[in-house]
Amino acid sequence: MDYSSGQKSALGANERAALMSNIKQQLDVAHAQELLQQVSEKCFKMCIQKPGSSLSSSDQKCLTYCMDRYFDAFNIVGRAYSQRLQKELANAR
């Protein structure tokens, strides 16, 4: 596409919707990968004191609890952010 001419793209409504859906899916995948990376790093640092060839039962419990809390917090923040966006969009109309 040539944006230098100042003309708008001639995408139809269906094409725009498909493009937005594709972008949203790509962002969702990127966010999920980032979340898993953060959870792995933070919970490993917090729970695994002596890395070895296997995890002790206390290490497993700590990792499970840490991951559960991390995902709970992520979901709470995500819902709050989504609600805020919806409110802002409603106010903009």
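Worth saying up front: this structure is predicted, and the values here are computed from it rather than measured.

How each quantity is defined
- Residues numbered from 1 in each chain as written.
- Predicted model: local features only at pLDDT ≥ 70, side-chain atom pairs only at ≥ 80, totals over all residues.
- Heavy atoms only, no water.
- Helix = DSSP H or I, 4+ residues; strand = E, 2+ residues; numbered from the N terminus.
- Rg over C-alpha atoms; globule rule 2.2 N^0.38 Å.
- Buried < 20%, exposed > 50% of the residue type's maximum accessible area, 1.4 Å probe, protein only.
- Areas by Shrake-Rupley, 256 points an atom, 1.4 Å probe, with all protein chains shown as cover.
- Lys, Arg positive; Asp, Glu negative; His and termini not counted.
- Charge placed at Lys NZ, Arg CZ, Asp CG, Glu CD.
- Expected span 1.5 Å × (residues − 1).
- Contact = heavy atoms within 4.5 Å.

A. View of the overall build of the protein. A tally of regular secondary structure across the protein gives two helices and zero strands. Computed over its C-alpha atoms, the radius of gyration of the protein comes to 21 Å, more than 25% above the 12 Å expected for a compact globule of 93 residues. Along the longest, intermediate and shortest principal axes, the C-alpha atoms of the protein span 60 × 30 × 20 Å. When each of the 93 residues of the protein is scored for burial, the buried share is 9%. Carbon together with sulfur atoms contributes 57% to the accessible area of the protein, which is approximately 8,300 Å² in total. Computed over 12 positive and 9 negative side-chain charges, the inter-centroid distance for the protein is 7 Å.

B. Highlighting helix 2 (residues 57-92). For helix 2, which comprises 36 residues, the first-to-last C-alpha distance of 52 Å matches the rise-based estimate of 52 Å (1.5 Å per residue) to within 8%. Every buried residue belonging to helix 2 is among Asp59, Leu63 and Cys66, and all of these are buried. Turning to helix 2, the residues buried within the fold contact helix 1 (13-47).

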